[in-house]
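# Fold and contact review
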Amino acid sequence: MGASARRGPYFCGIDAAMDVVAGKWKSLILWELHQHGTRRFAELRRGLPGVSEKMLIQHLREMEEDGLVHREVYHQVPPKVEYSLTEDGVSLNAALAPLGEWGTERMRRIGAGRVLVDGAAATGR
């Protein structure tokens, strides 16, 4: 794991886990990378309607520091950067799956719709 500023102390394991997924977009970034695999920045941004460029950059940097996301830089012209989940990112995403199932059931129960992404309803969690 990288040199993260988030090192506790924590009240419990939930506190430690929530520390690395705090913020509206981090769990959605995990989901997007899990659903689609390796993504470039613009692909991530298109897959997360509403996220600002600044917020996506900030969250990706924090997630890289926390060892959840791998950033691969290709030294070419034009520059190319790809993001993918690390082993820790995959395991955290798996841990969040039951929460996603709970949320999907809640959406069904209250009749909430899904956000449209590129003309289609988002699927999965």
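Please read all numbers here as calculations on a predicted model, not as lab measurements.

Turning next to the pairing of strand β3 (residues 80-85). Taken together, the 2 bridges between strand β1 (residues 39-40) and β3 define a ladder with antiparallel strand orientation. Pairing of R39 across the sheet is with Y83, part of β3. As paired elements, strand β2 (residues 69-74) and β3 share 6 bridges and run antiparallel to each other. Its bridge partner being in β3, V69 is matched across the sheet by L85.

Moving on to the confidence of the model for the protein. For the protein, per-residue confidence averages 89 on the pLDDT scale, and 89% of positions sit at 70 or higher. No element of the protein has a lower mean pLDDT than strand β5 (residues 120-121), at 53, and none a higher one than β1, at 98.

Next up on the list: the side chain of H59. Secondary-structure assignment places H59 in helix α4 (residues 53-65). Leaving out residues up to four positions away in the same chain, H59 has contacts with A22, G23, W25, K26 and I29.

Mapped onto the secondary structure, E64 falls in helix α4. Judged by its relative accessible area of 34%, E64 is partly exposed. It is 9.0 Å that separates the C-alpha atoms of E64 and T86, two residues lying 22 residues apart in sequence. Beyond its immediate stretch of four places on either side in the chain, E64 contacts V69 and R71.

With that settled, consider the packing of helix α2 (residues 26-36) against helix α5 (residues 87-110). For the pair α2 and α5, the least separation of the axes is 10 Å and the interaxial angle reads 105°. The orientation of α2 relative to α5 falls into the category roughly perpendicular. Facing S27, L30, W31 and H34 of α2, the residues of α5 in contact are G89, L92, N93 and L96.

Read from one edge of the open sheet, 3 strands run β1-β3-β2, paired in antiparallel fashion. Strand pairing shows two members of the sheet lacking a second neighbour, β1 and β2, which therefore form its edges. In the packing of α2 onto the sheet, the strands contacted are β1, β2 and β3, and the crossing angle to β3 comes to about 95°.

This part takes up the nonpolar core. Membership of the largest hydrophobic core comes to 18 residues, with the highest contact counts inside it found for I29, L30, L33, L56, L60, V69 and L92. Counting residues per element, the ones that place at least two in this core are α1 (13-21), α2, α4, β3 and α5. Not counting chain neighbours up to four residues away, the residues in contact with L92 comprise V20, V21, L30 and L68.

Taken as a whole and judged by the stated rule, the model has 0 aromatic pairs. The ring centre of Y74 lies 4.9 Å from the NZ or CZ of K80, which sits over that ring.

Across all of its chains, the model carries 5 salt bridges by this definition. Taking the shortest distance from any N to any O, the salt bridge between R45 and E53 comes out at 3.7 Å. Take E53: its relative accessible area is 41%, and that puts it in the partly exposed class. Taking the shortest distance from any N to any O, the salt bridge between E82 and K80 comes out at 3.5 Å.

Procedures and definitions
- Residues numbered from 1 in each chain as written.
- Predicted model: local features only at pLDDT ≥ 70, side-chain atom pairs only at ≥ 80, totals over all residues.
- Heavy atoms only, no water.
- Pairing = 2+ DSSP bridges.
- Helix = DSSP H or I, 4+ residues; strand = E, 2+ residues; numbered from the N terminus.
- pLDDT = per-residue confidence, 0-100.
- Contact = heavy atoms within 4.5 Å.
- Buried < 20%, exposed > 50% of the residue type's maximum accessible area, 1.4 Å probe, protein only.
- Axes fitted to C-alpha atoms, helices over the stretch in contact; angles between N-to-C directions.
- Parallel < 35°, antiparallel > 145°, perpendicular 65-115°, else oblique.
- Core = buried A, V, L, I, M, F, W, Y, C linked by side-chain atoms within 4.5 Å.
- Phe/Tyr/Trp six-rings, centres within 6.5 Å; stacked < 30°, edge-to-face > 60°.
- Lys NZ or Arg CZ within 6 Å of the ring centre and 35° of its normal.
- Salt bridge = Lys/Arg side-chain N within 4 Å of Asp/Glu carboxyl O.

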